[in-house]
Amino acid sequence: MAVVGAMLESLTKQVFTALQEHARFALDFKDQFELMKTRLDLTKALLADTENLKEKKKVVKAILIRLRDLIYEADNIMTDCLVRDEYQKEASCTSLTLQKPLFWYQTGKKLKDVNAQLGEMEKSLGEHLKYQDQSDHGDNTSQSMKYTAQDYVPSEIIGLEEDLKRLRGWIGDTKDDLLLVGIVGMGGLGKTTFAQKIFNDQHVAGRYDNMIWVSVSQVSSDMRIMRSMLEQLESRCSVSDEAQMLHKLNELLKGKSCLIVMDDVWNINQGWWIQFFSGLQSAVGESSCIIITTRNEEVLTSMGVDKSRIHRPKLLTANDSWLLFSKSAFSRCRDRKCPDAQFERVGKELLEKCGGLPLAIKAVAALLAPRSNSVLQWNEINENFHELTAGRNFTSVMASLQLSYDELPIHLKQCLLCFSVYPEDSEIQAEQLVHWWVAEGLIQGKGSKTAKELGFRYLSELVTRCLVEAVNRRGYDGRVYCCKMHDMVRELATRIAEEESFGKFDEQGKQEMTENSRWLGFTSEMNPEPLKKSSKLRALLIMSTNDQVVFGRHFGLLGSLRVLDFSLTKLEKISTEELVEWISSLKRLAYLNLSGIVGLKEVPYSFRKLRNLQFLVFAGINELGKIDQITSLKKLVVLDLGSCFHYLPSGIERLSYLQELSGFKVASNSRSAASCKFCDLEKLVHLRVLRMSIGKDSEITENERYVLLKLKKLKVLAIDAQDCEDNIISTMLNILSPPPSLQELYLRRYHQETLPTWINPERLSKLQYICIENGEIIDFPTSPLSVDGRDFPWNIEGLCFKVLQNLKLDWKSGRGYAFVTIRRGGVVV
């Protein structure tokens, strides 16, 4: 119940903050909120205990599902109170004052009911855990070490020739006394098989005096790892103390070359590893090597494996998949070959569903081999593939992936399950995912890190753990822009999501809409009728292009909705007036992306009702003009105006929580008072990302020199000069004074020969990344800047130059950067 834990954390934090800050509603219901906080804290503790149960009994699962529904109800109450609190801050809302007794009565009744049910569930969970402890008492049987390495079958090594050649080269060419090599990939990819191929290679084995294979797995301890090594070096291991084992290992390997494979490492005791590795390093002979296989790249990093010595096996190609499949599927056929074209057609259709995952391919082949005389049975298996993956033939595949899921910390489990609503093979924009996670309360900011920053970090962790594949990522720091999920991992995600009642999926793995769905990726294949009754729905991603089917006149209220995203569709014929009026009724909405709505020209007055809105995205809506009501949305954290032609209205300072502003057009100070001026930005003290455009109609005066400097938390600044060739652009940009906290700088369509004077290493000492594109600059300072006899070199990690035809660089005086690539008259470093 990963998401229950996340919602509990979010709700507890909200209750605590409300009590601490003496919010009006918290004072009205002080006793009930204090009781709720106490019970939520206790429930969190009990929930943590249930996480340790590998197999939750039906009664516990039922309690946890009820608990999640109750947490959602409490979250609705809290959101309603926060929204009402915002309204009450406006003196004009006299109607709310008249309704206060009714709201007070209804909310008080709901709070008492929630607290009573929380008490009952705490009692039920506590009794179950007590019974569980008693049933486990006295069971002192220790779990023996599990050796997970498969038997080595050379014939199953398919499509690895180039990879094996590379690894042999690493091992053969090393000048290190003790080389570390890592092999990382998702479960079932063949990491162990690959390591076995190296381990059993005669040319490799001939280089070493000793060969040691240790299957580490999740249940290993430092002592067990060392004991396994010692038992392979001498028949009897007589020592039992850890220090003695380390000494004995170093003694047995002293002066000898060795190859050690540590297979299936999930985590490592850093203190032990440093002591173990340093001891081996000084003891073993030259050109020794340790190969580590894992599903988590962070494990390799923590063990000191250099990035250049990490191998990431790829999924098998279609041809290699067919070769591996054929070896097993046609093992009973004459000449061990495919009988005819019909079998080949069905077999290749099944292989597409395996997505190049070797373990899945072998499972399918084993299932089909006894039926190699019946194409009818092959077709039946093909048509019911998703249903069959739940059967015993696929136990090894799903169990392997389940291990990866079980190993995830709770904050990553909840994020992974969200992938279930996307159709197979979808390429998913990272920002959409992160906005969803934050808006639904699955992620909260910690310390100096915002919730959105943590969201991108969590996505990178899922990629590092090989459960999500990065389709597009930034070069210098690896930030993921676009990602996808392997079909088999998605199969696992959909099953768990269905078990936890977040959605329902058919035999083909496609989502079905029900009244109890919490998350929904709505496609044109779905019947929209159940939407009218989906009062529990919290996240709705529209993926349909059928305007009328999706939004009929009687579209449902969806009172619990937190996330509404149109960016995956393009709705042209829909009545935008009717749509935005419906959206205005979603008072609990926290994330709204209207990018796919063609023809939206203004933000209506009714949008003022969306007082819980934190993310608002208009990117791609070119006709949007009137946006006056935006400044009423005081909880906004991210505002993306995209290419909106209109200037922001005055009153931007009301958005005091704003952390990211995109599409800000710098207006002239001579424009009407209704427009936001550049100087108004200085009041957005929490701003971390600012993307703005400056054109011939813009104005930045000398009095506004320190506006950006006052934004102490600003990390990302993007400036679009709109292809303006007037020298006034250079004058205005030279006035700017960004804060020293700046980490990323983007300058686009800048048609001046020299850069603004503040783009130098002395002023921007924390800058990590610079991107300059489509401009006329002729020089970029690569040498250190000397100020008062002190040199200030660039400390950036990434540099991107694109379409700069006049640029000349002196690399002799520049320092080394992260990477270099040439792109159309420019350079990316």
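Residues numbered from 1 in each chain as written. Predicted model: local features only at pLDDT ≥ 70, side-chain atom pairs only at ≥ 80, totals over all residues. Heavy atoms only, no water.

A.B. asks: So what exactly am I meant to see when it comes to the overall build of the protein chain here?
C.D. replies: Looking only at helices and strands, one finds 25 helices and 26 strands in the protein chain. Sorting the 829 residues of the protein chain into buried and exposed places 54% on the buried side. Working note: accessible area of the protein chain is about 37800 Å², and carbon and sulfur atoms make up 47% of it. (Helix = DSSP H or I, 4+ residues; strand = E, 2+ residues; numbered from the N terminus. Buried < 20%, exposed > 50% of the residue type's maximum accessible area, 1.4 Å probe, protein only. Areas by Shrake-Rupley, 256 points an atom, 1.4 Å probe, with all protein chains shown as cover.)

A.B. asks: What is the right way to look at the pairing of strand β1 (residues 178-184) in this model?
C.D. replies: Each regular strand carries side chains that alternate between the two faces of the sheet. β1 sits mainly inside the fold: 7 of its 7 residues count as buried. In β1, alternate side chains face the same way, and those of Leu178, Leu180, Gly182 and Val184 on one face and Leu179, Val181 and Ile183 on the other are all buried. When β1 meets strand β4 (residues 288-294), the two strands line up parallel, connected through 7 bridges. Directly across from Leu180, in β4, lies its bridge partner Ile290. (Pairing = 2+ DSSP bridges.)

A.B. asks: Is there a simple way to explain the sheet that holds strand β8 (residues 480-484) in this structure?
C.D. replies: Hydrogen bonds between backbone groups are what pair the strands of a sheet, and the pairing can be parallel or antiparallel. Spatially, 3 strands are ordered β6-β8-β7 in an open sheet, and the strand pairing comes out antiparallel. Since the sheet does not close on itself, it has two edges, and those belong to β6 (428-429) and β7 (469-473), each with one partner. Bridge analysis of β7 against β8 gives 4 bridges, and the strand direction is antiparallel. In the sheet register, Asn472 faces β8, and the bridge partner there is Cys482.

A.B. asks: Mind showing me how you'd approach helix α21 (residues 451-464) here?
C.D. replies: Note: α-helices contain 3.6 residues per turn, so residues at a spacing of three or four share the same orientation. Counted at 1.5 Å a residue, the expected span for α21 with its 14 residues is 20 Å, and the 20 Å between its end C-alpha atoms agrees. Positive phi shows up at Cys466, right after α21, with a value of about 65°. (Expected span 1.5 Å × (residues − 1).)

A.B. asks: I tried to follow the confidence of the model for the protein chain on my own but got confused; where do I start?
C.D. replies: If pLDDT is low for a region, its predicted coordinates should not be looked at in detail. Of the residues in the protein chain, 82% reach a pLDDT of 70 or more, and the chain-wide mean stands at 82. Counted against residues more than four places away or in other chains, residues 136-151, with its pLDDT under 50, gives 29 contacts. pLDDT under 50 marks residues 813-829. Its contacts with residues more than four places away, or in other chains, come to 48 contacts. (pLDDT = per-residue confidence, 0-100. Contact = heavy atoms within 4.5 Å.)

A.B. asks: Help me out: how do you make sense of the nonpolar core in this one?
C.D. replies: Buried together is how nonpolar side chains tend to be arranged in soluble globular proteins. Met262, Trp273, Ile290, Phe325, Phe419, Trp436 and Trp437 are the most contacted members of the largest nonpolar core, which has 117 residues in total. Excluding its chain neighbours within four sequence positions, the residues that come into contact with Ile290 are Leu178, Leu179, Leu180, Val181, Ile260, Met262, Trp273, Phe277 and Leu280. Membership of the second largest hydrophobic core comes to 86 residues, among which are Val580, Phe618, Leu684 and Leu714. (Core = buried A, V, L, I, M, F, W, Y, C linked by side-chain atoms within 4.5 Å.)

A.B. asks: Can you walk me through the sheet that holds β4 in this structure?
C.D. replies: Strands sit in the order β2-β3-β4-β1-β5 across an open sheet of 5 strands; the sheet is parallel. Of all strands in the sheet, those bounded by a partner on one side alone are β2 (210-217) and β5 (310-311). Each of β2 and β3 (258-265) touches helix α9 (residues 222-233); the most contacted strand, β2, lies at about 150° to it. Along the sheet face, helix α11 (residues 270-283) touches β1, β3 and β4 and points at about 135° away from the line of β1. (Axes fitted to C-alpha atoms, helices over the stretch in contact; angles between N-to-C directions.)

A.B. asks: Looking at this structure, how should I read the packing of helix α13 (residues 318-329) against helix α15 (residues 358-368)?
C.D. replies: When two helices pack together, their arrangement is given by the angle between their axes and by how far apart the axes lie. For the pair α13 and α15, interaxial distance at closest approach is 8 Å and the crossing angle is 35°. Viewed along their axes, α13 and α15 form a crossing whose handedness is right-handed. Across the interface between the two elements, Ser321, Leu324, Phe325, Ser328 and Ala329 of α13 pack against Pro358, Ile361, Lys362, Val364, Ala365 and Leu368 of α15. (Left-handed = near helix turned anticlockwise from the far one by under 90°.)

A.B. asks: Looking at this model, I keep getting lost on the state of the cysteines. Mind explaining?
C.D. replies: A disulfide bridge is the covalent bond that connects two cysteines by way of their sulfur atoms. The final tally for this structure, using the stated rule, is 0 disulfides. With no disulfide of its own, Cys800 lies 3.7 Å from the sulfur of Cys771, the closest cysteine sulfur. Overall, Cys800 belongs to the buried group, its relative accessible area being 4%. (Disulfide = S-S within 2.5 Å.)

A.B. asks: I'm lost on the packing of helix α10 (residues 242-253) against α11 in this one. Help?
C.D. replies: Taken N-terminus to C-terminus, the directions of α10 and α11 make an angle of 25°; their axes are 9 Å apart at the nearest point. Classified by the angle between their axes, α10 and α11 sit roughly parallel to one another. The way α10 lies across α11 gives a crossing that is right-handed. Residues Glu242, Leu246, Leu249, Asn250 and Leu253 of α10 form the contact with α11, whose own contacting residues are Trp272, Gln275, Phe276, Gly279, Leu280 and Ala283. Of the residues assigned to the contact of α10 with α11, the class counts are 7 nonpolar, 3 polar and 1 charged. (Parallel < 35°, antiparallel > 145°, perpendicular 65-115°, else oblique. Nonpolar A, V, L, I, M, F, W, Y, C, P; charged D, E, K, R; others polar.)

A.B. asks: Could you clarify how one ought to interpret the packing of aromatic side chains in this entry?
C.D. replies: Centre-to-centre distance and the angle between the planes together describe a pair of aromatic rings. For the structure shown, the criterion picks out 18 aromatic pairs. The interplanar angle of 90° and the centroid separation of 5.9 Å between the aromatic rings of Phe325 and Phe330 together place this pair among those described as edge-to-face. No difference in accessibility class separates Phe325 from Phe330, as the two residues are buried. Seen from their ring centres, Tyr476 and Tyr769 are 4.8 Å apart, and the 10° between their planes marks the pair as stacked. Of this pair, Tyr476 sits in the loop between β7 and β8 while Tyr769 sits in strand β21 (residues 769-773), placing them 293 residues apart in sequence. For the residue pair Tyr476 and Tyr769, the accessibility class agrees, reading buried in each case. Of the aromatic side chains, those joined through ring pairs into one cluster are Trp322, Phe325, Phe330, Phe343 and Trp378. Lying over the aromatic face of Trp322, Lys348 brings its terminal NZ or CZ to 5.3 Å of the ring centre. Above the plane of the ring of Tyr769 lies Arg474, whose end atom (NZ or CZ) is 5.7 Å from the centre. (Phe/Tyr/Trp six-rings, centres within 6.5 Å; stacked < 30°, edge-to-face > 60°. Lys NZ or Arg CZ within 6 Å of the ring centre and 35° of its normal.)

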